[in-house]
Amino acid sequence: MERKNGITPEDLYELKSAADPNVSPDGTRLLYIQTHIDKEKKEYVSNLYHLDLQTKASHQWTYGKDRVSTPRWSPDGKKAAFVSNRSGLNQIYVIPLSGGEALQVTKCKNGASNPVWSPCGKKLAFTVSLEESETLEQEPSKEEEKKELKPLEVERMKYKSDAQGFLNDRKNYIAVVDLETFELRQLTSGSHDTQLQSWSPDGKYIAYACDEADDKDFSFQNDVFLYEVESGKANKVTEGEGVYWQATWSPDGSYLSFIGHLQEFRNATHPKIWLYHLKEGELFCFSEAFDAPIGDLMVGDFHQGAASPGVQWTEDNEGFYFLATDNGNTVIYYGNVSGEIYPSVIENQHIYGFSLAPGKHHGVAAISTPTMPGELFAVSLDQGGVEQLTNVNGGALANKELVQAEVFEFEGADGWKVQGWIMKPTGFEEGKKYPMVLEIHGGPHAMYGNTYMNEFQILAAQGYAVLFVNPRGSHGYGQDFVDAVRGDYGGNDYNDIMHGVDHALKTFDFIDEKRLGVTGGSYGGFMTNWIVGHTDRFKAAVTQRCISNWISFYGVSDIGYYFSEWQIGADLNDIEKLWKHSPIAYVNQIKTPLLIIHSEKDYRCPIEQSEQLFIALKRQKKETKFIRFPESNHELSRSGKPALRMKRLEYIRDWFKDYL
C-alpha cells in the first residue's frame with residue numbers, strides 16, 4: 001500500500017475554510033463563508049455559499065477574487081445582507097434568495113460593516129467609521145488621493161493598535177439605511193466609539209456597547225446601552241464597572257443577554273453570561289457559578305472568518321444555547337432563565353461557529369478536530385447526533401495523512417493537574433526513536449485543544465513528535481487555574497511545561513530525549529526565551545513574536561503599560577521585578593541554537609523585543625538567526641499574507657531539520 005504524505009506549507013493553497021454558519025429564519029437553509037488562497041494573487045478569497053438543509057445541496061452565491069463576510073438573513077428569509085470589499089472598501093450588499101446580482105446599499109467614504117436587520121426587514125443598521133469633519137453621505141473618492149507625509153501628533157497612551165496600526169481620529173458610529181429609499185440616518189455621534197450589537201424584536205431599541213470614559217488611557221470598561229430608535233435617547237443597562245459584548249435578545253424581547261465580566265482578575269477573568277430583564281430593569285450574572293469561560297478561546301492557526309455566536313435563544317423565551325471553553329474543547333451548553341445549565345454537545349472537538357435554527361433545538365455548527373481542518377455539521381441539541389453537511393477539504397486531503405493528537409493528564413507544579421497532547425510523526429513506526437518539538441501557546445489566557453493545527457501537522461510530516469500542553473494561565477480549567485500565572489511568569493507555568501516534557505519522555509518511549517526542540521509565539525515566545533535561558537535540554541528553539549524585556553515592553557507595546565501591570569504586577573517604579581521576569585536577563589545562560597522570527601509591524605510585541613535578544617546573543621557569539629517579516633503584524637501565523645505565512649512555516653521546519 002502506497003504511503004500517504006503529510007501536510008506541507010504549500011498545502012495552504014489547497015485547503016479551504018468553511019465558517020460563520022447562519023441558519024435561515026424557517027430553518028431550511030444555510031448561509032456560510034468559504035475562504036481559500038488564490039495561487040496567482042497570493043491573497044485570500046472568500047465567497048458566500050448557500051446550502052439547502054433538506055436536500056444538502058450547496059451552491060456558491062458570490063464570485064470573484066475579493067473577500068466576503070458577515071452573512072445575515074433578512075427576517076422573512078427572502079434576502080441576505082453581507083459585507084464585501086469588491087468596490088475597494090468594505091461595503092454592505094443585499095442579495096435576494098431568488099437569485100440575481102447583489103445590490104450595494106452603502107457607499108460610505110471609509111466603508112461599512114456589521115449589518116443588522118430591522119425586525120420589519122425594511123432597514124439595515126450598520127457600523128460606519130467617520131472623522132469629525134466627515135459625513136455619512138460622503139462617498140469614497142474615485143481618484144486616488146495623494147497622501148502628503150505628515151507628522152503624527154500623539155497626546156494619548158492608546159495611540160496604536162496591532163490590528164489597525166497608528167490610530168486616527170475616526171470614531172465608529174451606528175447608522176441605518178432604508179432599503180426602499182436608500183436614505184441614510186446616523187444614530188450615534190460624539191467622541192466615543194459605539195459598537196452595534198442587535199435590534200430588539202419589536203423594533204424599538206438598538207443595543208450597542210460603548211466606553212463613555214473621558215480618559216480612555218486608563219479605562220477598560222465597555223457598557224451596554226439601549227438606543228430608543230424613535231426618540232434617539234440612549235439608556236445605560238450596565239453599571240460602568242465591567243466589559244461587555246455580543247448582546248442578543250430573547251424572541252419576545254423580554255430579555256437582553258450579553259457576555260462580559262467585571263474584570264475581577266483583569267484580562268484573566270472568565271467571560272460570563274449576563275441577563276437584563278427589560279420590564280423589571282434587573283441585571284444579573286447568569287453563569288456566576290459556572291467555572292468555565294463563555295465563548296471560544298481555542299488557539300488555532302487555520303480558520304478564516306470564524307465568528308463567535310454569542311447567546312442564542314429558544315423560541316419559548318425560557319432558554320438559550322451558548323459556547324464554552326472547557327478542558328481542551330469548545331462545547332455547546334443549554335441554559336434557562338431559572339439558572340440551570342446542561343451540557344448539550346460535548347465531544348473532543350473545537351466548535352468555532354454555531355447557528356441555532358429558530359423555533360427548534362437543532363442547528364448548524366462549524367467543527368474542527370486535530371485531523372479535520374473544519375466542516376459544517378447539522379447538530380441535534382436535545383437528542384444528540386451530528387450530520388456532516390460540507391466536505392470542502394475532501395479533495396485536498398484525499399492523499400494526505402493527518403496525525404491524531406493523543407490526550408493525557410499529568411501532575412504539574414504543586415500537584416496541579418495539567419492537560420497535554422502528543423502527536424506521533426507521520427508514518428510512525430514502532431520501535432523507532434523520533435525527535436520531539438514542544439509547542440507553547442500565546443495569551444497566556446488561551447487554550448490548546450482538539451482542533452486542527454496546521455503547524456503541528458507540518459512538523460509531524462517532517463518526522464517530529466509534537467507535544468503541546470496547557471500550563472497554568474490557560475483557559476478551560478477554572479478561574480483559579482487561569483489566574484495563577486499572573487505575577488508568576490517563568491515560575492510555576494515554566495514548571496508545568498517542564499513537568500509535561502518529563503511526563504512525555506517517561507510515557508512515550510519513541511521520543512529521543514537527546515533531540516528536543518521548542519517553539520512558541522507571543523507569550524509562547526516569552527516562554528521559549530525563558531526556557532532556553534534556564535535549561536540546556538533542548539537542542540534547537542524557535543522564538544516567535546516574543547517578549548524578551550518587560551522594561552522596554554512597558555512603553556512600546558500597544559498594550560504594554562497595563563498588560564505589564566496586570567500580568568507581571570509591576571510598572572516602571574519596580575524595574576527590579578520587570579527585569580527579574582525578563583528572559584534577556586538570562587541571555588548569558590543560553591546555549592540552545594535559537595531562531596528568532598518577528599513581524600516588522602507587530603505592535604503587540606514590537607520587533608525591538610527580538611532586536612534586543614538577537615544583538616545580546618550575537619554579542620556573545622551564540623548560535624542564532626533573525627528573520628524579519630515585512631508588512632506583517634502579530635497575526636502573521638494565522639491571517640498574515642499567504643506567501644509570508646508559508647515562508648514562516650518553512651523557516652521553522654528547516655531550523656529544526658538542521659539542528660534536530
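Rules of the game
Residues numbered from 1 in each chain as written. Predicted model: local features only at pLDDT ≥ 70, side-chain atom pairs only at ≥ 80, totals over all residues. Heavy atoms only, no water. Disulfide = S-S within 2.5 Å. Buried < 20%, exposed > 50% of the residue type's maximum accessible area, 1.4 Å probe, protein only. Pairing = 2+ DSSP bridges. Helix = DSSP H or I, 4+ residues; strand = E, 2+ residues; numbered from the N terminus. Axes fitted to C-alpha atoms, helices over the stretch in contact; angles between N-to-C directions. Contact = heavy atoms within 4.5 Å. Phe/Tyr/Trp six-rings, centres within 6.5 Å; stacked < 30°, edge-to-face > 60°. Lys NZ or Arg CZ within 6 Å of the ring centre and 35° of its normal. Patch = residues over 30% accessible without salt bridge, like charges linked within 9 Å, V, L, I, M, F, W, Y side chains within 5 Å. Areas by Shrake-Rupley, 256 points an atom, 1.4 Å probe, with all protein chains shown as cover. Salt bridge = Lys/Arg side-chain N within 4 Å of Asp/Glu carboxyl O. Parallel < 35°, antiparallel > 145°, perpendicular 65-115°, else oblique. Left-handed = near helix turned anticlockwise from the far one by under 90°. Nonpolar A, V, L, I, M, F, W, Y, C, P; charged D, E, K, R; others polar. Lys, Arg positive; Asp, Glu negative; His and termini not counted. Charge placed at Lys NZ, Arg CZ, Asp CG, Glu CD. Right-handed = clockwise from strand over helix to strand, strands pointing away.

Asks: So what's going on with the state of the cysteines? Which residues, and what values?
Replies: Summed over the entire model, instances satisfying the criterion amount to zero disulfides. Here C108 stays unpaired: no disulfide links it, and the sulfur of C120, its closest cysteine neighbor, is 19 Å away. C108 sits in the buried class, given a relative accessible area of 1%.

Asks: Got a sec to walk through the sheet that holds strand 34 (residues 465–469)? Specific residues and values, please.
Replies: Spatial strand order, 31-32-34-33-35-36-37-38: eight strands in an open sheet with mixed pairing. Edge positions in the sheet fall to strand 31 (405–411) and strand 38 (624–629), since each has one partner strand and no second. If you compare each strand with its neighbour and ignore which way they point, the axes differ by 20 degrees on average. Alignment of strand 33 (residues 434–440) against strand 34, held across four bridges, turns out to be parallel. Paired with V437 across the two strands is V466, which belongs to strand 34. Sitting on the sheet, helix 8 (residues 608–619) is in contact with strand 36 (540–544), strand 37 (594–599) and strand 38, with an inclination near 155 degrees to strand 37. Its contacts with the sheet place helix 10 (residues 642–659) against strand 33, strand 35 (511–521), strand 36, strand 37 and strand 38, and it is angled at close to 160 degrees to strand 36.

Asks: Tell me what's going on with the sheet that holds strand 6 (residues 79–84), and back it up with residues and numbers.
Replies: As summarised here, the arrangement of the four strands in space is 5-6-7-8, forming an open sheet in which the pairing is antiparallel. Strands at the two margins of the open sheet, each flanked by one partner only, are strand 5 (68–73) and strand 8 (103–104). Across two bridges, the pairing between strand 7 (residues 91–96) and strand 8 is antiparallel. Paired with Y93 across the strands is Q104, a residue of strand 8.

Asks: Summarise the packing of aromatic side chains; cite the residues concerned and give the values.
Replies: One pass over the structure, following the stated rule, counts 48 aromatic pairs. Here the aromatic rings of W313 and F320 are separated by 4.9 Å at their centres, their planes lie at 65 degrees, and the arrangement is edge-to-face. Accessibility assignment for this pair places W313 and F320 in one class, buried. Summarising the aromatic geometry, the rings of W550 and F563 are spaced 6.3 Å apart at their centres and angled 15 degrees between planes, so their arrangement reads as stacked. Of this pair, W550 sits in helix 5 (residues 550–556) while F563 sits in helix 6 (residues 560–567); the two residues are 13 residues apart in sequence, bridging distant segments of the chain. The exposure class of W550 is buried, given its relative accessible area of 0%. In this structure F563 comes out as buried when scored by relative accessible area, which is 9%. Residue placement shows R472 over the ring face of W416; its charged tip is 4.1 Å from the ring centre.

Asks: Tell me about a nonpolar patch on the surface, and please be specific about residues and values.
Replies: On the surface, L152, V154 and F166 cluster together into a nonpolar patch covering about 270 Å² of accessible area. Along the chain, V154 falls in the loop between strand 10 (123–130) and strand 11 (160–161). You can call V154 partly exposed: its relative accessible area is 41%.

Asks: Can you tell me about the pattern of salt bridges, naming the residues and giving the values?
Replies: Enumeration over the complete set of coordinates arrives at 22 salt bridges. A salt bridge links R29 to D26, with the nearest nitrogen and oxygen atoms 3.2 Å apart. For R29, a relative accessible area of 13% gives the class buried. Note that D483 is salt-bridged to R486, the shortest N-O span being 2.7 Å. Classification of D483 as buried rests on a relative accessible area of 18%. A relative accessible area of 24% means that R486 is categorised as partly exposed. A single network of salt bridges, built from pairs that share partners, joins D38, E40 and K65.

Asks: Describe in detail the side chain of S522, supporting the description with residues and values.
Replies: Structurally, S522 can be placed in the loop between strand 35 and helix 4 (523–532). On the basis of relative accessible area, S522 is assigned to the buried category, the value being 12%. Residues in contact with S522, not counting those within four places in the same chain, are G442, Q544, R545, C546, I547, C605 and H634.

Asks: Quick rundown of the packing of helix 3 (residues 492–507) against helix 4? Include the residues and the values.
Replies: One way to put it is that helix 3 packs onto helix 4 with a least axis distance of 11 Å and a crossing angle of 75 degrees. Judged by the inter-axis angle, helix 3 sits roughly perpendicular to helix 4. On helix 4, the residues touching D493, Y494, I497 and M498 of helix 3 are Y523, M527, W530 and I531.

Asks: Account for the packing of helix 1 (residues 454–461) against helix 10, naming residues and giving values.
Replies: It is the contact of helix 1 with helix 10, at a shortest axis distance of 10 Å, that shows an interaxial angle of 35 degrees. The element helix 1 and its partner helix 10 pack so that their crossing is right-handed. Two secondary-structure elements touch here, helix 1 through N454, E455, I458 and L459 and helix 10 through R648, L649, I652 and F656. Among the residues making up the contact of helix 1 with helix 10, the classes are represented as five nonpolar, one polar and two charged.

Asks: How would you explain a negative patch on the surface if you had to name every residue and give the values?
Replies: Together, D252, E315, D316 and E318 give the surface a local cluster of negative charge. For D316, the location among the structural elements is in the loop between strand 23 (312–313) and strand 24 (319–326).

Asks: Let's hear about the environment of K142: which residues, and what values?
Replies: Within the fold, K142 resides in the loop between strand 10 and strand 11. The spatial distance from the C-alpha of K142 to the C-alpha of I584 is 50 Å, given a sequence separation of 442 residues.

Asks: Requested: an account of the pairing of strand 34, with residues and values cited.
Replies: With respect to burial, strand 34 is a largely interior element, five of its five residues being buried. In strand 34, alternate side chains face the same way, and those of A465, L467 and V469 on one face and V466 and F468 on the other are all buried. Both strand 32 (residues 417–423) and strand 34 contribute to a ladder of four bridges, which runs antiparallel. Counted as the bridge partner of M423 is V466 from strand 34. Note on the crossover from strand 33 through helix 1 to strand 34: the handedness is right-handed.

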